[in-house]
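Read off the chains here:
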Amino acid sequence: AQSVTQLGSHVSVSEGALVLLRCNYSSSVPPYLFWYVQYPNQGLQLLLKYTTGATLVKGINGFEAEFKKSETSFHLTKPSAHMSDAAEYFCAVSVRGNKLVFGAGTILRVKS
Amino acid sequence: ETGVTQSPTHLIKTRGQQVTLRCSSQSGHNTVSWYQQALGQGPQFIFQYYREEENGRGNFPPRFSGLQFPNYSSELNVNALELDDSALYLCASSLDQGEHNEQFFGPGTRLTVL
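Residues numbered from 1 in each chain as written. Chains lettered and ligands numbered in written order. Predicted model: local features only at pLDDT ≥ 70, side-chain atom pairs only at ≥ 80, totals over all residues. Heavy atoms only, no water.

Trainee: Just to check I follow, could you spell out the environment of proline 31 of chain A for this structure?
Mentor: Residues and elements named next belong to chain A. Among the secondary structure elements, proline 31 is positioned in the loop between β3 (19-26) and β4 (32-38). A relative accessible area of 6% places proline 31 in the buried class. Along the sequence, proline 31 and threonine 72 sit 41 residues apart, while their C-alpha atoms lie 9.6 Å from each other. With residues up to four places along the chain from it excluded, the contact list for proline 31 reads Tyr25, Tyr50, Thr51, Phe67 and Val93. (Helix = DSSP H or I, 4+ residues; strand = E, 2+ residues; numbered from the N terminus. Buried < 20%, exposed > 50% of the residue type's maximum accessible area, 1.4 Å probe, protein only. Contact = heavy atoms within 4.5 Å.)

Here you go:
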């Protein structure tokens with residue numbers, strides 16, 4: 001069965017610093033992987049997705065993620081954190097029939 | 001283009017009651033999925049509807065049921081509410097069942113069971 005593990009329930013970075021949010025997946029078939037962001041009291045917004053092709057995926061707001069099959073990872077990065085990036089981030093894998101299995105989430109705090 | 005909408009925004013019920021949550025899918029989308037997000041956790045898949053038929057179900061009891069209408073809007077019904085049903089309920093729509101398709105999420109309905 002597919003599953004997702006997000007390492008670190010809370011990550012704190014300074015404004016302008018690198019953001020790295022970790023995600024490892026387990027899948028018996030080639031995975032479709034997604035990163036979503038959730039701001040307080042709101043729904044989920046897609047940041048980026050990996051389906052096939054290029055393993056480095058660029059998303060909105062300067063985020064990107066690299067699919068590494070050998071490491072079963074799909075870590076999310078952003079070169080320079082902005083205060084507006086403070087939110088909760090979810091990694092997810094899509095299983096048969098487009099059903100998403102989510103990780104537990106990582107809360108990103110950005111310090112000024 | 002109208003996005004996914006959900007109603008109501010907030011709801012307070014007592015144990016044993018029944019609740020109906022509603023979702024309007026994005027224009028052109030025929031697939032609707034429902035997720036439960038308990039406080040401090042990631043969303044958990046409840047079930048999915050594709051062209052008015054249930055198309056997969058997560059690990060939720062039968063008192064969680066749903067419908068999809070010809071216009072692809074959807075309802076989630078929960079009977080015999082329990083305290084643990086308190087959560088944010090998210091609806092998401094997508095073009096179809098393809099695993100590569102993005103799911104577009106609504107803002108959610110916050111259900112509190114007292």
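Next comes the rest of the account.
Trainee: Help me understand the interface of chain B and chain A in this model?
Mentor: Much of the literature gives interface size as the accessible area that the parts lose upon coming together. At the junction of the two partners, chain B supplies 26 residues and chain A supplies 22 residues. Between chain B and chain A, the buried area comes to about 1,700 Å², and carbon and sulfur atoms account for 51% of it. For chain B, the biggest contributors to the area lost against chain A are Glu99, His100 and Phe105 of chain B; these three give 33% of the whole. Taken together, the links from chain B to chain A amount to 0 salt bridges. (Buried area = accessible area lost by both parts, 1.4 Å probe. Salt bridge = Lys/Arg side-chain N within 4 Å of Asp/Glu carboxyl O.)

Trainee: Can you help me understand the pattern of salt bridges in this one?
Mentor: In a structure, side chains of opposite charge can pair up when their charged atoms sit close to one another. Scanning the model with the defined rule gives 6 salt bridges over all chains in all. Linking glutamate 64 of chain A and lysine 58 of chain A is a salt bridge whose minimum nitrogen-to-oxygen distance equals 2.8 Å. Exposure remark for lysine 58 of chain A: the relative accessible area of 62% places this residue in the exposed category. Across the salt bridge formed by arginine 63 of chain B and glutamate 82 of chain B, the nearest N and O atoms sit 3.3 Å from each other. Taken as a pair, arginine 63 of chain B in the loop between β6 (53-57) and β7 (64-68) and glutamate 82 of chain B in the loop between β8 (74-78) and β9 (87-94) lie far apart in primary sequence, 19 residues in all. Residue arginine 63 of chain B is classed as buried on the basis of its relative accessible area, which comes to 16%. Connected through salt bridges with shared partners, the residues Arg63, Glu82 and Asp85 of chain B form a single ionic network.

Trainee: Help me out: how do you make sense of the sheet that holds strand β3 (residues 19-24) of chain B in this one?
Mentor: To summarise the sheet geometry, strands pair through backbone hydrogen bonds and adopt either a parallel or an antiparallel arrangement. Residue and element names in this part refer to chain B. Spatially, 4 strands are ordered β1-β3-β8-β7 in an open sheet, and the strand pairing comes out antiparallel. A strand with exactly one partner marks an edge of an open sheet, and here the two such strands are β1 (5-7) and β7. Between one strand axis and the next, the sheet turns by 20° as a mean value, whatever way the strands run. Here β7 runs beside β8; their pairing, made up of 5 bridges, is antiparallel. Each bridged residue has a counterpart across the sheet, and for leucine 67 the counterpart in β8 is glutamate 75. (Pairing = 2+ DSSP bridges. Axes fitted to C-alpha atoms, helices over the stretch in contact; angles between N-to-C directions.)

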